There are 4 protein chains.
Amino acid sequence: MAGNPIAVIVAVGPGTGASIARRFASAYPVVLLARSPENYEAVAADINKKGGKAIGISTDVSNESSVNAAFEKINQEFNGAPIAAAIFNASTRPKRKSVLELSVEEYQNGFDVSGKGALIFSKAVLPGLLEHGEDNPTQSPPTLIFTGATASVKSNALMAGFATHKFALRALSFSIAREFAPKGVHVAHAVVDGAIDTPFTQGFIADWASEASISSDDIAETYWNLHQQSRRCFTNEIDIRPMMEKW
Amino acid sequence: MAGNPIAVIVAVGPGTGASIARRFASAYPVVLLARSPENYEAVAADINKKGGKAIGISTDVSNESSVNAAFEKINQEFNGAPIAAAIFNASTRPKRKSVLELSVEEYQNGFDVSGKGALIFSKAVLPGLLEHGEDNPTQSPPTLIFTGATASVKSNALMAGFATHKFALRALSFSIAREFAPKGVHVAHAVVDGAIDTPFTQGFIADWASEASISSDDIAETYWNLHQQSRRCFTNEIDIRPMMEKW
Amino acid sequence: MAGNPIAVIVAVGPGTGASIARRFASAYPVVLLARSPENYEAVAADINKKGGKAIGISTDVSNESSVNAAFEKINQEFNGAPIAAAIFNASTRPKRKSVLELSVEEYQNGFDVSGKGALIFSKAVLPGLLEHGEDNPTQSPPTLIFTGATASVKSNALMAGFATHKFALRALSFSIAREFAPKGVHVAHAVVDGAIDTPFTQGFIADWASEASISSDDIAETYWNLHQQSRRCFTNEIDIRPMMEKW
Amino acid sequence: MAGNPIAVIVAVGPGTGASIARRFASAYPVVLLARSPENYEAVAADINKKGGKAIGISTDVSNESSVNAAFEKINQEFNGAPIAAAIFNASTRPKRKSVLELSVEEYQNGFDVSGKGALIFSKAVLPGLLEHGEDNPTQSPPTLIFTGATASVKSNALMAGFATHKFALRALSFSIAREFAPKGVHVAHAVVDGAIDTPFTQGFIADWASEASISSDDIAETYWNLHQQSRRCFTNEIDIRPMMEKW
């Protein structure tokens, strides 16, 4: 018999991914995927210490073999458990540069994560999400969430690479949403419009006013609420910004 | 001293409005505005019986004097209480007809509600929302939610009237959102895409499958979650549809 | 027998409307509608002097009787001629103000033009456009163009009124486009994003660089090209901006 | 001294590409790029026979070395001529399949063309476009056009691959448009919404009514008109559909 449903989060770092991991760990064992163990070890330890259950697996989400190996481990560890929630939070960082300076390699690297990585992850989690949907049609339907950015809907000058990858991710999210909604899987795309308050961003934004940045814990709470929506109330896209953001 | 914060909902009927009223009544005294008392009396009685506090006021939202009179009553009844949440749920019904058959009067009537009504309501609640924001900056910032429809983002053939009014409402919502976010007011527009399961719609949709319709209670829960978002995580637009909806 | 096809333009002033009138006058007799004769007299005289044919009719586009009276005159003057092109170029001016300062009357006045006026004009011209389509299915199908603005797609703070009216106009345009395309009428909405170089704007924009503004003659040429599109290549929305515009 | 300005078109086949090549050949020597010579040979011969000038170069647009080699040939052949117009018309074909059946390889192949190919082509043509802009600031500013599809703005179920690639292309187009407009380069993205009437599509669409399909010659004419727009009237996005198309 399959185990209790789990949540799978990629990628986990010190910011949004960690907050999402903690929030979903209050209800499910969580699997944390990231390329480098240093990105998930502290979060996993913290969750386990507080009575939750978390495991981390070093995974390159842009590499199908790496992801498949991770999911074999997950199936063994959790006895083929269904997946209640899967969060795709991986991204490259935005870099401003002229399209004339943008190398094909860098352009491809972004697609490796936001395009191929998102597809590979989706294909890996959808069977487990579908299984959870069959077990549990009404309460907290299986949920797949993709984290987007301002660049998911606006492609500014000097942001050709980042915007391409984020537009691509949004397209993938919508197509999966439309294909799998009738099968009970809730797919949502979040346009995270603004800087997220993480150790990383705190370093380079001067005069950081809290209301000018998004709280990663609040993103996690919003994702949790998306997961709580019933089959009769699916939100497929949501925007998120701090009160001081211009849009 | 001002009273405890309240929630104000227009329009209340047997469907979404009633669900929203019940949900927000779990935290606040609620004021229910609708043209006809028969639209709010049963809901208000039910809330009061269950230990909440609800009053209904017969109001024509498209008429500034009527709305101002209602808010005078509200201020008296609740001792000038700030407003924690205001929900604009008024609408005309969609009617399919050629633009050649659409009378100027009918076209104006829809704007009276979704345009002028929404402006009049917004002007009436914003001072109370701003006041609540000053008292209570971080927990459940003051929230103004507008209920839109598929026609808010797609203007189909034979739907010129309804789409005009819903596009107009969305424009108003976004402008208010951008103006008042820096002052701590959270404004959200909901694209409710699909039929809502109400006594009215149950009558004309044959073979009603629950997963083909939106639950009004679930809309209310989603609105409540929008209200719970912090100043560091405002969602300004959300879509809502049942799992079987094509989009 | 009906006369040769005509073009009808509302509203005509010294800027875009005059340029459109001159451009379409190279192919059709043109009818210029504006509230005040001073808005069309010089343009009409200029067209007539140069060998074209233009008449102006003082018309309040927001008033159905006034528009109907104008079209009676048009039918008499042109012997019930079909309409090859109709351009809705009427608008109120954008004004920045808080939604708290926006009066219901001002809000209604904008809708009188961009909402009701556009509907009234559309209902008046569609029969003549349909007639032209039957006569002339392939060359320059009958064309109805609506002039929008940045505010047609973005509703900024302090622009609630203008954006509401422009969103409304866009909704009307799309619904008419979808209803009448299968009948051979080409309907297009132009998002004119930027300041237009007219005597009026020249007055208040300092250091006017020509490439920072849109040429009204170039808008007219673009509208003309829309009119030249065949039934097998309808453009329903187009954006227009000068090369220096940020968007 | 540099030669007269040229136009460069990728990819050229029997449909849209050939029509565009013929239209731009009326004003410029044209370079036709396609993977297989059989795709451009007949068109080039036809243009040359009729007094125009066309050369074809076998090029894999997704391969940077192949594109660079092609542009070395172009520079030799045309003596370093500036580029008046560049049209990116390459695409993979849409294929309906579940995201679960969509291989990473196929997903990558589409990005090779619509993502990497579009970037490689843009980087190759932008220097020549900028040069033309300096020579010729006002008449027919240098123009870069990308051909998109319905899937550029709507990501349907079973179309995850095609939509991803087309969303990506649109993002690239907008970023380049915003970066290079202030330098006088006109970049436009065309949402071609509907089947194009080509020898290929005629084969699989039964009961082909001409008004249900887009004419490739008419697309070419619309692209030509975009190219004619002045620096004071840039259109950055346009949609194109036949009159019978639902949208």
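Residues numbered from 1 in each chain as written. Chains lettered and ligands numbered in written order. Predicted model: local features only at pLDDT ≥ 70, side-chain atom pairs only at ≥ 80, totals over all residues. Heavy atoms only, no water.

- Labelled according to an unreviewed UniProt entry, chain A appears under the name Short-chain dehydrogenase/reductase SDR, NAD(P)-binding domain superfamily, originating from Septoria linicola.

**Examining the overall build of chain A**
- If you tally the helices and strands in chain A, you get 7 helices and 9 strands.
- Taken against the 2.2 N^0.38 rule, which gives 18 Å for 247 residues, the C-alpha radius of gyration of chain A at 17 Å falls within 12% of a compact globule.
- Principal-axis analysis of the C-alpha atoms gives chain A an extent of 55 × 35 × 35 Å.
- Looking at chain A alone, contacts between residues at least 24 apart form 71% of all its contacts between residues at least 6 apart.
- A total of about 9,000 Å² of accessible surface is found on chain A, and carbon and sulfur atoms cover 49% of it. (Helix = DSSP H or I, 4+ residues; strand = E, 2+ residues; numbered from the N terminus. Rg over C-alpha atoms; globule rule 2.2 N^0.38 Å. Contact = heavy atoms within 4.5 Å. Areas by Shrake-Rupley, 256 points an atom, 1.4 Å probe, with all protein chains shown as cover.)

**Section: the packing of helix H1 (residues 16-25) of chain B against helix H7 (residues 216-228) of chain B**
Residues and elements named next belong to chain B.
- Following both chains from N to C, one finds H1 and H7 inclined at 45 degrees, their axes separated by 8 Å at the closest point. When the interaxial angle is binned, H1 and H7 end up oblique. Both H1 and H7 take part in a crossing whose hand is right-handed. Together, Thr 16, Ser 19, Ile 20, Arg 23 and Phe 24 of H1 and Ser 216, Asp 217, Ile 219, Ala 220, Glu 221, Tyr 223, Trp 224 and His 227 of H7 make up the contact between the two elements.
- In terms of residue class, the contact of H1 with H7 is made up of 6 nonpolar, 4 polar and 3 charged. (Axes fitted to C-alpha atoms, helices over the stretch in contact; angles between N-to-C directions. Parallel < 35°, antiparallel > 145°, perpendicular 65-115°, else oblique. Left-handed = near helix turned anticlockwise from the far one by under 90°. Nonpolar A, V, L, I, M, F, W, Y, C, P; charged D, E, K, R; others polar.)

**Focus: the packing of helix H5 (residues 160-180) of chain B against helix H5 (residues 160-180) of chain C**
- It is at 8 Å that the axes of H5(B) and H5(C) come closest, and there the two elements cross at 150 degrees. Overall, the two elements H5(B) and H5(C) adopt an arrangement that is roughly antiparallel. Crossing of H5(B) over H5(C) shows right-handed handedness. Residue-level contacts link Ala160(B), Ala163(B), Thr164(B), Phe167(B), Ala168(B), Arg170(B), Ala171(B), Leu172(B) and Ser175(B) of H5(B) to Ala160(C), Ala163(C), Thr164(C), Phe167(C), Ala168(C), Arg170(C), Ala171(C), Leu172(C) and Ser175(C) of H5(C).
- Considering only residue class, the contact of H5(B) with H5(C) consists of 12 nonpolar, 4 polar and 2 charged.

**Regarding the relation of the copies chain B and chain C**
- You can overlay chain B on chain C at an RMSD of 0.0 Å; the transform is a turn of 180 degrees with a shift of 0.0 Å along its axis. Taken together, the rotation angle and the small translation identify this as a two-fold axis.
- A share of 100% of the interface residues of chain B reappears at the interface of chain C, consistent with the copies meeting face to face through the same patch. (Least-squares fit on C-alpha atoms with pLDDT ≥ 70 in both.)

**Thoughts on the side chain of Ser230(B)**
- Along the polypeptide, Ser230(B) turns up in the loop between H7 and strand E9 (237-240).
- Side chain to side chain, Ser230(B) and Asp218(A) meet in a polar contact 2.3 Å long.
- Those residues in contact with Ser230(B) that lie beyond four places of it in its chain are Asp218(A), Thr138(B) and Pro141(B). (Polar contact = N/O pair within 3.5 Å; in protein donor to acceptor, adjacent residues only side chain to side chain.)

**Some thoughts on the interface of chain B and chain C**
- Counting residues at the interface gives 37 residues for chain B, matched by 37 residues for chain C.
- Between chain B and chain C the total buried area reaches about 3,300 Å² when both faces are included, carbon and sulfur atoms providing 69% of it.
- Put simply, chain B and chain C have 0 salt bridges between them.
- At the junction of chain B with chain C, the criterion picks out 17 residue pairs in polar contact (both at pLDDT 80 or more).
- At the level of secondary structure, the elements contributing two or more residues to the side of chain B that touches chain C comprise helix H4 (104-135) and H5 of chain B.
- In terms of residues, the side of chain B that touches chain C owes the most to one element, H5(B), which gives 14 residues. (Buried area = accessible area lost by both parts, 1.4 Å probe. Salt bridge = Lys/Arg side-chain N within 4 Å of Asp/Glu carboxyl O.)

**Quick look at the interface of chain D and chain A**
- Listed by partner, the interface residues are 37 residues for chain D and 37 residues for chain A.
- A combined buried area of about 3,300 Å² lies between chain D and chain A, and 69% of that area is made up of carbon and sulfur atoms.
- Inspection of the chain D/chain A interface yields 17 residue pairs in polar contact (both at pLDDT 80 or more).
- Those elements that provide at least two residues to the side of chain D that touches chain A are helix H4 (104-135) and helix H5 (160-180) of chain D.
- Ranked by the residues each element gives to the side of chain D that touches chain A, the list is headed by H5(D), at 14 residues.
- Taken together, the residues of the side of chain D that touches chain A break down into 21 nonpolar, 8 polar and 8 charged.

**So, the packing of aromatic side chains**
- In this structure the tally under the stated criterion is 28 aromatic pairs over all chains.
- Arranged with centres 5.8 Å apart and planes meeting at 50 degrees, the rings of Phe88(A) and Phe121(A) form a pair that is tilted. Taken together, the residues span a long stretch of sequence, with Phe88(A) in strand E4 (residues 83-88) and Phe121(A) in helix H4 (residues 104-135) at a distance of 33 residues.
- Look at Phe111(A) and Tyr107(D): their rings are 5.5 Å apart centre to centre, the planes differ by 25 degrees, and that puts the pair in the stacked class. A residue pair is termed interchain when its members come from two chains, as with Phe111(A) in helix H4 and Tyr107(D) in helix H4.
- We classify Phe111(A) as buried; its relative accessible area is 0%.
- Since its relative accessible area comes to 0%, Tyr107(D) is described here as buried. (Phe/Tyr/Trp six-rings, centres within 6.5 Å; stacked < 30°, edge-to-face > 60°. Buried < 20%, exposed > 50% of the residue type's maximum accessible area, 1.4 Å probe, protein only.)

**Topic: the environment of Lys49(D)**
All names here are of chain D.
- Tracing the backbone shows Lys 49 in helix H2 (residues 37-49).
- Classification of Lys 49 as exposed rests on a relative accessible area of 70%.
- Between the C-alpha atom of Lys 49 and that of Glu 245, which follows or precedes it by 196 residues, the distance is 36 Å.

**What about helix H2 (residues 37-49) of chain C?**
Residue and element names in this part refer to chain C.
- In this model H2 runs 18 Å from its N-terminal to its C-terminal C-alpha over 13 residues, within 8% of the 18 Å that 1.5 Å per residue would give.
- Those residues of H2 that sit buried are Tyr 40, Val 43, Ala 44, Asp 46 and Ile 47. For H2, the arc enclosing every buried residue in end-on projection is 160 degrees, short of the 170-degree limit, so these residues lie on one face. Exposed and facing more than 90 degrees away from the buried side of H2 are Glu 38, Ala 42 and Lys 49.
- Where H2 is buried, its residues meet helix H1 (16-25), strand E2 (30-34) and strand E3 (54-58).
- A positive phi of about 100 degrees marks Gly 51, the residue just after H2. (Expected span 1.5 Å × (residues − 1). Arc of directions from axis to C-beta.)

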